[in-house]
Amino acid sequence: MITEKIRSVFLQTFGESPLLCHSPGRINLIGEHTDYNGGYVMPAAIDKKMVVGIASNDGNQGRIHSIDFDEDFTFDLSSFSPKKGHWGTYIMGVVAQFQQAGYPVKGFDMVFGGDIPVGAGLSSSAALECAVGFALSELFHFEIPQRSLIHYAQKAEHVFAGVQCGIMDQFASVMGKKDHVIRLDCRSLDYRHFPLVLPHHSILLIDTQVKHSLADSAYNQRRLECQEGVIAAQKINPEIQSLRDMDLGILASIQHEVSDIVFNRCKYIIEENERVLTASTLLDNNDLEGFGEKMYGSHEGLSKLYEVSCDELDFLVDFTKDLPYVLGSRMMGGGFGGCTINIVEKENVPSLQQEIETAFESKFGVNPKFYEVSLEDGTGLV
Ligand code: GLA
């Protein structure tokens, strides 16, 4: 549907038919905030995506129309800079990375839109970056390998959007595979696709509708706190490069060197890495209940030790704890709002939604949103 809309708006606006590419949003089953600590994550691409229509023009400008914002944006390819808070920043960020790597981006026209809710923690910005990067690569025959595309998209986020994100979102968007999750080692970028077909369960996202304005600065702050832990540990063992190389024993030995906050951040990351590894064994053994328990463990750590949850997210996770038909629940993504991810018996999804809606509304005065998602392929041509 969105694809048809983009095709027709493109035709109306630029008078020709575009090349159409798409890149999905992502979920993450377990392994949160571990990516920028050289650790493990378990994301998957989903059936919500960003679609980009593109064609070359004869000028030296990027001329872009956003369907969702119903706005135009034009920039000169030889002179541009980030526009904080504006969607054009993500597109310019990717162009800047390509140019820096020596790819001659020429004038292009673009129309884009999608159905990934913004600010819900489903990585709409990564999906946009990856879709734009892929579209430019196809249009101008750059033949950029997937790994490089992922890196350029991540760098766009660092340099232009100012968020020191890890690699999980862009990796999942590009490398997603239908009915599979990805277990990714964020240091080596080794990965494995694990089949995840759930005959009796749904993956249900519950969106708090909370968008925390401090999320970006708190995110960068967490990164620095983790780094402090690593620096303290390096005094004992210079081979330690990241929290990935630490265990709770090493952490205990630097406890007196670091603040309680830094200690807690490190403890969470070390435990979360362990949880992802155990969770993938559980998945291999088809032990969904065990897997669900790890999800609750992850949330507990994110909330109490890493402190990136919020009342609304905690409420949603607590609500499901004693329900036998919910296997696991936790906050997902950067935190401070966005969604929880839940594994719920299919037949109970409608009643759960109703119960949560009533309880959440009466506590917070807001209606949460619900998305049942399926796992899909990553970036490609439409
Ligand atoms: C955001 C970042 C990711 C990752 C998650 C938390 O989505 O973009 O790199 O750090 O938060 O796991």
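Structure first, text after, so check above.
Note that this is a predicted model, so its numbers are computed, not measured. (Residues numbered from 1 in each chain as written. Predicted model: local features only at pLDDT ≥ 70, side-chain atom pairs only at ≥ 80, totals over all residues. Heavy atoms only, no water.)

Draft legend 1. Broad picture of the overall build of the protein chain. Scanning the protein chain from terminus to terminus reveals 11 helices and 13 strands. The C-alpha atoms of the protein chain give 21 Å as radius of gyration, which agrees with the globular expectation for 382 residues (21 Å, within 12%). Projected onto its principal axes, the C-alpha positions of the protein chain cover 60 × 55 × 40 Å. When contacts within the protein chain are restricted to residue pairs at least 6 apart in sequence, long-range pairs at least 24 apart make up 70% of them. Across the protein chain, 31 positive and 52 negative side-chain charges occur, with their mean positions spaced 3 Å apart. (Helix = DSSP H or I, 4+ residues; strand = E, 2+ residues; numbered from the N terminus. Rg over C-alpha atoms; globule rule 2.2 N^0.38 Å. Contact = heavy atoms within 4.5 Å. Lys, Arg positive; Asp, Glu negative; His and termini not counted. Charge placed at Lys NZ, Arg CZ, Asp CG, Glu CD.)

Draft legend 2. Structural context of the sheet that holds strand β7 (residues 180-185). Spatial ordering of the open sheet is given by β2-β7-β8, a layout of 3 strands whose pairing is antiparallel. Sheet topology places β2 (40-41) and β8 (191-195) at the edges, where each strand pairs with a single neighbour. Two elements, β7 and β8, share 5 bridges in a ladder whose sense is antiparallel. Bridging across to β8, Ile-182 finds its partner in His-193. The sheet contacts of helix α5 (residues 168-175) involve β2, β7 and β8, and relative to β7 the element is tilted by about 140°. (Pairing = 2+ DSSP bridges. Axes fitted to C-alpha atoms, helices over the stretch in contact; angles between N-to-C directions.)

Draft legend 3. How the structure looks around the environment of Thr-358. Within the element layout of this structure, Thr-358 appears in helix α11 (residues 349-364). Among the polar contacts listed, one links the side chain of Thr-358 to the backbone oxygen of Gln-354, at a separation of 2.9 Å. (Polar contact = N/O pair within 3.5 Å; in protein donor to acceptor, adjacent residues only side chain to side chain.)

Draft legend 4. Structural detail: the pattern of salt bridges. The full count for this structure, using the stated rule, is 15 salt bridges. The partner of Lys-304 in a salt bridge is Glu-300, with the nearest N and O atoms 3.4 Å apart. Remark: Glu-300 and Lys-304 occur in helix α9 (residues 288-304); sequence separation between them is 4 residues, near one turn of the helix. Of the residues examined, Glu-300 reaches a relative accessible area of 37% and is grouped as partly exposed. Residues joined in a network through salt bridges with shared partners are Arg-222, Glu-225, Arg-265 and Glu-307. (Salt bridge = Lys/Arg side-chain N within 4 Å of Asp/Glu carboxyl O. Buried < 20%, exposed > 50% of the residue type's maximum accessible area, 1.4 Å probe, protein only.)

Draft legend 5. Representation of the site of the ligand within the structure. The immediate surroundings of the ligand are formed by Arg-26, Glu-32, His-33, Asp-35, Tyr-36, Cys-165, Gly-166, Met-168, Asp-169, Tyr-219, Gly-333 and Gly-334. Between Glu-32 and the ligand, the recorded distance is 2.6 Å, taken from a side-chain N or O atom to an oxygen atom. Tyr-219 is positioned with one of its side-chain polar atoms (N or O) 2.5 Å from an oxygen atom of the ligand. In the shell around the ligand, the residues fall into 4 nonpolar, 4 polar and 4 charged. (Near = heavy atom within 4 Å. Nonpolar A, V, L, I, M, F, W, Y, C, P; charged D, E, K, R; others polar.)

Draft legend 6. Highlighting the packing of aromatic side chains. Considering all chains together, one arrives at 21 aromatic pairs under this definition. Between Tyr-103 and Phe-142, the ring centres sit 5.0 Å apart and the planes meet at 40°, which makes this aromatic pair tilted. With Tyr-103 in the loop between α2 (88-100) and β6 (108-114) and Phe-142 in the loop between α3 (124-139) and α4 (146-161), the pair connects residues that are 39 residues apart, well separated along the chain. Of the residues examined, Phe-142 reaches a relative accessible area of 13% and is grouped as buried. Linked through ring pairs, Phe-69, Phe-73, Phe-75, Phe-80, Trp-87, Phe-108, Phe-112 and Phe-160 together constitute an aromatic cluster. Here the basic side chain of Arg-192 rests over the ring of Phe-194, its NZ or CZ set 3.9 Å away from the ring centre. (Phe/Tyr/Trp six-rings, centres within 6.5 Å; stacked < 30°, edge-to-face > 60°. Lys NZ or Arg CZ within 6 Å of the ring centre and 35° of its normal.)

Draft legend 7. Focus on the state of the cysteines. As enumerated under the stated definition, the model contains 0 disulfides in all. You can see Cys-165 has no disulfide; the closest cysteine sulfur is in Cys-130, sitting 10.0 Å from it. We classify Cys-165 as buried; its relative accessible area is 7%. Between Cys-186, a free cysteine, and Cys-165, which holds the nearest cysteine sulfur, the sulfur-to-sulfur gap is 11 Å. (Disulfide = S-S within 2.5 Å.)

Draft legend 8. How the structure looks around α5. Most of α5 sits out of view: 8 of its 8 residues are buried. Every buried residue belonging to α5 is among Met-168, Asp-169, Gln-170, Phe-171, Ala-172, Ser-173, Val-174 and Met-175, and all of these are buried.

Distances and angles like these do not, on their own, reveal function.
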